[in-house]
Structure formats: structure tokens, C-alpha cells
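Analysis of the macromolecular model
Spelled out from the first residue to the last, the chains are:
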Amino acid sequence: MTTLAITGGQVLLPDNTVTWADVLVDQDSGEILEVGDDLAGGADDTLDASDSLVTPGFVNGHCHVAMTLLRGHADDKPLDAWLQEDIWPVEAELTADSIRAGTELGVLEMIKSGTTSFADMYFFVPTIADVVDKAGLRARLGHGVISVGKDEDAVHEDAQEGLEVAAEIDGMADGRITSAFMPHSLTTVDGQYLSEYVPEARDLGVPVHYHANETEDEVTPIVENHGVRPLAYAAEKGMLEAEDFFAHGVHVDESEIGLLAEAGTSVIHCPASNMKLASGMAPIQRMLDAGVTVGLGTDGAASNNDLSMLDEARDAAMLGKLAADDASAVPAEAVVTMATQGSADAIGLDTGRIAAGKPADLAVIDLEQPHLTPRHDPVSHLAYAAAASDVRHTVCDGQVLMRDREVLTLDEDAVLSRATEEADALLARADD
Ligand SMILES: CSC[C@H]1O[C@@H](n2cnc3c(O)ncnc32)[C@H](O)[C@@H]1O
Ligand SMILES: [Zn+2]
């Protein structure tokens with residue numbers, strides 16, 4: 001057995017208490033062996049965690065990772081105009097090379113900000129899977145299916161690709177990659193296709209992931225055309241199972257929160273994207289009170305504009321208080337839970353908790369910083385004050401992906417220059 005000991009730090013436990021302990025990892029199985037005192041002796045490798053907090057690796061529950069190429073391309077517009085005028089015309093010019101470069105850039109940013117797993121909906125998914133495999137991360141990936149603007153044959157082809165890709169990549173990278181069927185949203189995929197293909201996803205045994213209740217403009221047509229609110233419509237289409245998860249859930253009423261709690265379907269809250277696109281404020285405290293599983297996601301880098309889960313946690317706490325008009329709503333513990341266990345549970349991973357037998361997906365945060373001094377409450381610091389650049393080490397599946405801020409699985413300079421080159425070429429093609 002090859003072991004790794006993370007030593008001398010404080011450790012964030014699943015109940016959000018913090019204890020001084022070492023963490024011993026079996027690098028062959030990728031699991032945590034023990035959390036306890038003096039575990040360094042005899043370990044094959046060590047990571048220093050003195051003056052640091054060992055946390056579960058963050059779990060980004062909803063992303064479009066290759067959209068890093070579009071970061072800063074189209075800011076300051078609402079969702080519909082942003083997608084139709086700026087994003088979709090450029091995405092029509094994406095190639096496998098641009099996806100590879102954008103994904104490398106995104107996963108580099110994730111590793112540097114302590115994220116060890118994510119869920120992603122996009123195009124050229126086998127290429128994304130290959131990058132995730134090489135970078136050493138864990139991910140649930142799917143091909144985004146859209147029917148608007150397509151003829152019937154093209155939609156069937158798109159949905160088939162969604163199913164085939166899900167079957168092809170599930171279990172890749174020694175199980176670090178899993179999949180889902182990912183219809184884009186309840187308004188951009190016509191109901192006839194949802195009725196046809198969601199049961200096929202069930203037969204395949206993969207969850208369904210989609211965008212829902214993001215803007216008021218998305219709710220109205222569903223109510224007008226189907227006579228029910230979007231999540232009742234999702235239930236009719238078989239998309240509200242316990243393993244399913246959707247992004248946003250901004251405009252949900254009490255009846256829909258009740259449906260979610262009953263069904264066990266999870267919501268991925270994306271506060272930065274919701275603020276930037278002025279989509280609205282999700283009633284997160286009400287969902288938590290009802291027992292809904294809530295995770296956190298960054299959404300793509302073009303609507304955020306970064307992939308830091310520490311930023312997202314802070315945004316979630318701030319926006320949650322404003323939405324509830326209550327400073328005690330969505331407290332520090334809640335957003336730390338959402339960024340770790342909540343997202344992991346939502347996207348169907350066994351990560352997000354530091355305990356013996358759990359996957360060794362970890363981040364080590366340097367607390368020896370002016371903005372993290374004094375250390376009254378490490379959980380408060382995680383939620384409100386820590387930044388991506390405070391992450392010292394990142395470990396996924398027992399492997400060290402970043403040691404003392406040096407990423408070991410990617411060539412950082414090469415990734416930045418390839419991404420710049422591919423982003424410029426992509427925008428030039430779209431301009432032609
Ligand atoms: C079909 S692949 C995914 C698709 O989703 C687009 N997208 C990015 N951010 C959002 C968002 O907040 N709501 C809806 N759709 C979004 C992305 O650009 C891809 O086209
Ligand atoms: Zn999205």
C-alpha cells in the first residue's frame with residue numbers, strides 16, 4: 001500500500017466542527033484510511049498542513065467548463081439575450097481543439113481553487129472526459145441536448161448523442177468519470193423529446209441533469225402551454241427522480257419546493273450567475289428548511305466569471321440573506337455544507353466529507369494570511385474570507401494534483417497559451 005499523510009493541520013469534519021488531526025490516505029484505493037493523531041510515521045509521502053485547514057475538495061455541482069474560453073466575451077446582459085446574441089453564435093464555431101483548450105484552462109482553475117469534482121453539461125464530451133482523466137479530477141459529464149432551432153432529425157441525432165456519450169464515458173478514469181443525460185432546459189427541449197428520451201436515460205441507469213426555473217421568462221411559457229408550474233411539468237416528464245439534479249431553481253414557489261422535498265431531487269444553486277444575469281434570488285433558506293438537498297455551482301465562466309467555489313460560497317451566503325431579508329439565513333455552515341456534501345450528494349458522488357473510508361478528495365487552505373487573521377472560526381473564514389489563492393494543496397482520489405500551488409498534472413504555461421490562442425481563433429471564426 002502507498003500512503004500519503006497530510007499533517008499538522010486542522011481538519012473540517014462532516015458536522016462542520018474543526019479538529020487538530022492528521023489525515024492518512026491509501027493512494028492505491030484512493031480512500032481516506034484514518035483521521036487522527038500522529039499518522040505521519042511510515043507514510044510514503046507527506047503534505048504539510050501546518051497553519052492550514054484541511055477541507056473536503058470542493059464539488060462544483062453545475063458548470064460548462066470549456067466556457068472559460070468565453071470569459072469576458074459577453075458581459076452585462078440578461079440570460080436570453082446573452083445566449084441568443086452572444087453565446088450560441090460563438091458556440092456554433094467550437095471544435096474539439098477549442099473544447100480541449102477551454103477544458104484544460106477550466107480544470108487548471110479548479111485545481112488551483114481546491115475543486116476536486118464537478119458536474120458539466122457541454123459539447124465534445126469525450127474530449128472533456130479525456131482532459132478530466134489526465135488532470136486527475138472527478139466529474140459527472142453529459143452532452144447538452146437542445147431542440148430549439150433544429151429540425152426533427154437533428155434533434156433525434158442530438159438526443160441520441162446524449163445517450164451514447166453517457167453510455168460511453170460512464171466509469172472511465174477508474175470510475176472518476178460518471179455521466180448523466182442532460183437536456184438543456186424545460187423550455188429549450190420540446191416536451192415530445194423529453195417524453196421519448198428521459199425513459200431511455202432511466203434504462204441506461206444514469207441521472208438527468210438540466211436547467212430549470214432560472215428566469216421568470218422560463219416559467220411563464222410552461223404555465224401558459226402546459227397549465228402547470230415548471231417542476232410539476234418536470235415531474236410529468238419523469239425528470240424529478242431522487243438521483244436527478246437541476247441548476248438554478250430561482251423562481252420556485254412553495255408547491256414546487258414541496259415537490260422537490262418529496263421527490264428528493266436536488267437543486268444546484270448558482271448565485272454568481274443568478275446575480276450577473278439578473279435572473280433573481282433563489283429562496284435557498286426556504287428550500288433548506290423544507291429538507292431539499294442544495295448544492296452549489298459556478299455555472300460557466302462567461303456568466304460568473306470565475307470557477308472558484310470559495311467565491312460561490314460567499315455569494316450564496318450573501319444572496320441568501322438578501323433573498324430571505326434575514327441576516328441569519330443561509331449561514332456560514334450552510335454554504336460550506338452546500339459546497340462540499342450538498343453538491344456531492346446532489347450529483348451522486350460519495351465525496352464531500354473527510355472520514356475514514358471516503359474518497360480522498362481534499363483541499364488544504366493556508367490560514368496564515370492577513371485576511372484570515374485572527375482565527376476565531378475557520379468555518380466563517382471558509383464561507384466569508386478565504387480566496388482561491390489561499391489553497392495550498394489539492395488531492396483527488398488520493399493523488400496530489402497541486403503541491404504548494406504547483407499543479408502537477410498540467411503544464412500551466414502551456415495551458416494558458418493554448419487557451420488564449422484557441423479563444424482568439426474561436427472568436428475570429430464567429431466574426432467571419
Ligand atoms: C447545451 S450545452 C449547455 C448550454 O448551456 C448554456 N448556458 C450557459 N449558462 C447557462 C445558463 O445560466 N442558463 C442556461 N444555459 C446556459 C451554454 O452556453 C450551452 O449552450
Ligand atoms: Zn448552466
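All residue numbers here refer to positions counted from 1 along the written sequence of the relevant chain. Throughout, the order in which chains and ligands are written sets their labels, letters from A for the former and numbers from 1 for the latter. This being a predicted model, a pLDDT of at least 70 is required before a residue's local features are given, and a value of 80 or more before pairs of side-chain atoms are given or counted; all residues contribute to the totals for chains, interfaces and linings. Side-chain metrics in this entry use all non-hydrogen atoms of the structure; hydrogen atoms and water are not considered.

Here is the rule we go by: UniProt positions are given in the numbering used here, feature names are shortened, and annotations may be inferred rather than shown by experiment.
In the annotation of an unreviewed UniProt entry, the protein is listed under the name 5-methylthioadenosine/S-adenosylhomocysteine deaminase and assigned to Natronorubrum sulfidifaciens JCM 14089. The record in UniProt for the protein states the following under Function (unreviewed entry): "Catalyzes the deamination of 5-methylthioadenosine and S-adenosyl-L-homocysteine into 5-methylthioinosine and S-inosyl-L-homocysteine, respectively. Is also able to deaminate adenosine." We quote the UniProt Sequence similarities (unreviewed entry) comment for the protein here in full: "Belongs to the metallo-dependent hydrolases superfamily. MTA/SAH deaminase family."

Remarks on the overall build of the protein
Short version of the rule: Put simply, DSSP H or I for four residues or longer makes a helix, DSSP E for two residues or longer makes a strand, and each gets a number counted from the N terminus. Put simply, the radius of gyration uses C-alpha atoms, and a globule should come to 2.2 Å times the residue count raised to 0.38. What sets the accessible areas is the Shrake-Rupley method with a 1.4 Å probe; for residues, cover comes only from the shown protein chains. For this count, His and the chain ends are skipped, Lys and Arg are scored as positive, and Asp and Glu as negative. Where a charge lies is defined by one atom per residue type: Lys uses NZ, Arg uses CZ, Asp uses CG and Glu uses CD.
Helices and strands together make up the secondary structure of the protein, namely 14 helices and 18 strands. At 21 Å, the protein has a C-alpha radius of gyration in line with the 22 Å of a compact globule built from 432 residues. Principal-axis analysis of the C-alpha atoms places the extent of the protein at approximately 65 × 45 × 40 Å. Accessible surface, the protein: about 15,700 Å² in total, of which carbon and sulfur atoms supply 47%. Side chains of the protein carry 24 positive and 79 negative charges; the gap between the two charge centres is 3 Å.

Here's the deal with the packing of helix H4 (residues 152-169) against helix H5 (residues 191-204)
Worth spelling out the cut-off: Axis definition: a line fitted to C-alpha atoms, over the contacting stretch in the case of helices. Angles run 0 to 180 degrees between N-to-C directions. Convention used here: angles under 35 degrees read as roughly parallel, angles over 145 as roughly antiparallel, angles from 65 to 115 as roughly perpendicular, and any remaining angle as oblique. By definition, turning the near helix anticlockwise from the far helix through less than a right angle yields a left-handed crossing, and turning it clockwise yields a right-handed one. Contacts were defined at the residue level, with two residues in contact if any of their heavy atoms lie within 4.5 Å. Any residue that is not Ala, Val, Leu, Ile, Met, Phe, Trp, Tyr, Cys, Pro, Asp, Glu, Lys or Arg is counted as polar, Gly included; the first ten are nonpolar and the last four charged.
Between H4 and H5, the least distance of the axes is 11 Å, while the angle of their chain directions is 15°. By the angle between their directions, the pair H4 and H5 is classed as roughly parallel. The way H4 lies across H5 gives a crossing that is right-handed. Of the residues in H5, those in contact with Glu-152, Val-155, His-156, Ala-159, Gln-160, Leu-163, Ala-166 and Ala-167 of H4 are Gln-192, Tyr-193, Glu-196, Tyr-197, Glu-200, Ala-201 and Leu-204. Looking at the contact of H4 with H5 residue by residue, the class counts come to nine nonpolar, three polar and three charged.

Thoughts on the UniProt feature "domain: Amidohydrolase-related" (unreviewed entry) in the protein
Annotation from UniProt places "domain: Amidohydrolase-related" (unreviewed entry) at residues 53-400. The span residues 53-400 carries 44% helix and 17% strand; its end-to-end C-alpha distance comes to 16 Å.

Let's talk about the layout of surface pockets
Over the atoms, a rolling probe the size of a water molecule traces out where space has been left empty. Rules: Cavity: a set of points on a 1 Å grid over the protein atoms alone where a 1.4 Å probe fits but cannot get out. Pocket: an open set with protein on both sides within 12 Å along at least five of seven lines, its lining residues, like those of a cavity, having an atom within 4 Å of a point. Grid points are joined across faces, edges and corners, and a volume is the space filled by probe spheres set on the points.
Its boundaries defined by the atoms lining it, the largest pocket holds a volume of some 580 Å³. Looking at the largest pocket, it is lined by 33 residues, and the ones nearest its centre are Leu-79, Leu-83, Trp-88, His-184 and Glu-214. Residue assignment for the lining of the largest pocket shows that the elements contributing at least two residues are helix H1 (79-91), strand E7 (115-122) and helix H6 (216-226). Broken down by element, the residue count for the lining of the largest pocket peaks at seven residues, all from H1. Here the residues of the lining of the largest pocket sort into 13 nonpolar, 13 polar and seven charged. Taken as a whole, the second largest pocket holds about 190 Å³ of empty space. Along its surface, the second largest pocket is lined by Phe-123, His-143, Ile-146, Val-148, Lys-150, Ala-154, Glu-157, Asp-158 and Glu-161. Looking at the lining of the second largest pocket element by element, the count peaks at four residues for H4.

Quick notes on the nonpolar core
How we decide: Nonpolar core, defined: a set of buried Ala, Val, Leu, Ile, Met, Phe, Trp, Tyr and Cys residues in which side-chain atoms within 4.5 Å join the residues together. Classification of residues uses two cut-offs on accessible area relative to the type maximum, computed with a 1.4 Å probe and protein chains only: under 20% is buried, over 50% is exposed, and between them is partly exposed. Each domain's extent is set by a domain assignment, obtained either automatically or from a database.
Of all hydrophobic cores here, the largest spans 106 residues; its most connected members are Trp-82, Phe-118, Leu-141, Leu-186, Tyr-210 and Met-287. Of the residues that make up this core, three or more belong to each of domain 1 (3-56 + 352-407) and domain 2 (58-347). With residues near it in sequence (within four places) discarded, Trp-82 still touches Met-67, Ala-74, Lys-77, Ile-87, Leu-277, Ala-302 and Ser-303. Residues Val-25, Val-54, Leu-362 and Val-400 belong to the second largest nonpolar core, which totals 16 residues.

Overview of the site of ligand 1
To keep it simple, the criterion reads: Think of it this way: one heavy atom of a residue within 4 Å of a molecule or strand is enough to make that residue near it. What qualifies as a polar contact is a pair of N or O atoms within 3.5 Å, subject to a donor-acceptor requirement within protein and to the restriction that residues adjacent in sequence count only when both atoms come from side chains. To be counted as sitting in a cavity or pocket, a molecule needs more than half of its atoms within 2 Å of that site's grid points.
The local shell around ligand 1 holds 19 residues, among which Trp-88, Glu-91, His-184, Glu-214 and Asp-299 are the closest. Here an oxygen atom of ligand 1 sits 2.9 Å away from a polar atom, N or O, in the side chain of Trp-88. For ligand 1, a nitrogen atom lies 2.8 Å from a polar atom in the side chain of His-184. Protein contact buries 99% of the 450 Å² of open area that ligand 1 shows by itself. The cavity where ligand 1 resides is the largest pocket. Looking at the shell around ligand 1, the elements with two or more residues in it are H1 and E7. Among the elements that line the shell around ligand 1, the one with the most residues is H1, at six residues.

Notes on the side chain of Asp-22
This is how it is decided: The term salt bridge refers to a pairing of a side-chain nitrogen on Lys or Arg with a carboxyl oxygen on Asp or Glu at a separation within 4 Å.
Within the secondary structure, Asp-22 sits in strand E2 (residues 18-26). Buried and unpaired, Asp-22 has Arg-392 as its nearest opposite-charge partner, separated by 11 Å. Looking at Asp-22, its side chain comes within polar contact range of the main-chain nitrogen of Asp-38, at 3.5 Å. If we ignore the near neighbours within four places in the chain, the residues touching Asp-22 are Ile-6, Thr-7, Gly-8, Glu-34, Val-35, Gly-36, Asp-37, Asp-38, Leu-39 and Ala-40.

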